[in-house]
Amino acid sequence: MDNLFKDYKHNKDFLSLIHYKLGYKLYDIINHKNHPNLIISGINNSGKTLLIKTVMNDIYDINKTIRTGILYDNISYEYSNIHYYFNIKSIKKYDNLLEYLKKIINGYNYYTEKCNYIILDNFETIPDLIQNKLRVILEKSSWTCKIIIITNKYNKIIDPLKSRFINIRIPSHKIYDKFIYFKQLFLKNLFIIDDDILL
């Protein structure tokens with residue numbers, strides 16, 4: 001593992017995650033200014049949201065400036081000086097979301113002089129009609145924003161959107177991966193546990 005990540009000057013948070021290899025891949029992609037839009041897909045509870053937020057924090061230190069905004073009523077979203085995170089599952093008024101996304105896309109981040117990131121979690125809950133409207137909006141975003149879609153059901157995304165994104169699939173956790181992860185976690189926190197208990 002040390003050889004794989006020898007080019008980093010200090011330990012990155014994503015290295016402590018169970019999907020650290022995919023974290024490295026995402027880190028490498030997002031670190032390039034002109035990278036494509038991304039779809040992060042995988043089964044429920046596979047660690048997709050945690051992975052992307054951790055990688056984003058490692059690159060842009062989003063936790064230092066993170067805040068919560070209100071989209072409408074009591075529906076909130078998360079944002080920092082570089083990203084906007086929307087949990088689509090909680091959104092029912094899609095027109096409000098589309099209008100807000102237009103504002104983000106039509107703006108430019110003069111604070112950082114970098115693209116804004118729009119992260120759309122639980123994307124599979126958006127109806128096809130709204131996805132088509134969203135596709136038209138996202139086509140205008142290439143100079144001002146990068147889009148990251150997180151979904152449990154890749155097949156629920158319309159084909160015209162899929163063709164404009166690169167898909168990175170997060171696999172379910174293998175037993176041995178869990179064993180290594182928890183063993184490292186316990187050793188890091190100075191817990192001594194017999195291997196038989198972990199298995």
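Residues numbered from 1 in each chain as written. Predicted model: local features only at pLDDT ≥ 70, side-chain atom pairs only at ≥ 80, totals over all residues. Heavy atoms only, no water.

Enquirer: What is the right way to read the environment of Lys156 from this model?
Expert: Tracing the backbone through its elements, the reader meets Lys156 in the loop between strand S6 (145-151) and helix H5 (159-162). In this structure, the C-alpha to C-alpha distance between Lys156 and Ile126, residues 30 residues apart in sequence, is 8.6 Å. Not counting chain neighbours up to four residues away, the residues in contact with Lys156 comprise Glu124, Asp128 and Gln131. (Helix = DSSP H or I, 4+ residues; strand = E, 2+ residues; numbered from the N terminus. Contact = heavy atoms within 4.5 Å.)

Enquirer: I would appreciate a short explanation of the packing of helix H3 (residues 94-106) against helix H4 (residues 128-138) in the present structure.
Expert: Each packed pair of helices is defined by two parameters, the angle between the axes and the distance between the axes. In the contact formed by H3 and H4, the axes pass within 10 Å of each other and the chain directions differ by 10 degrees. Here H3 lies roughly parallel to H4, going by the angle between them. Side by side, H3 and H4 meet where Tyr94, Leu98, Leu101, Lys102 and Ile105 of the first sit next to Ile130, Lys133, Leu134, Ile137 and Leu138 of the second. When its residues are assigned to classes, the contact of H3 with H4 shows eight nonpolar, no polar and two charged. (Axes fitted to C-alpha atoms, helices over the stretch in contact; angles between N-to-C directions. Parallel < 35°, antiparallel > 145°, perpendicular 65-115°, else oblique. Nonpolar A, V, L, I, M, F, W, Y, C, P; charged D, E, K, R; others polar.)

Enquirer: Got a minute to help me understand the sheet that holds strand S3 (residues 75-79) in this structure?
Expert: Each strand in a sheet pairs with another by means of backbone hydrogen bonds, the pair being arranged parallel or else antiparallel. If you trace the seven strands from one edge of the open sheet to the other, you get S2-S3-S4-S5-S6-S1-S7, paired in mixed fashion. Looking along the sheet, the strands with just one partner apiece sit at the ends: strand S2 (67-72) and strand S7 (165-170). Going across the sheet, the axis of each strand differs from the next one's by a mean of 20 degrees, ignoring polarity. The pairing of S2 with S3 spans five bridges and is classified as antiparallel. Bridge assignment links Arg67 to a residue of S3, and that residue is Tyr79. Packing against the sheet, H3 makes contact with S2, S3, strand S4 (83-87), strand S5 (116-121) and S6, and its axis sits at approximately 170 degrees to S4. (Pairing = 2+ DSSP bridges.)

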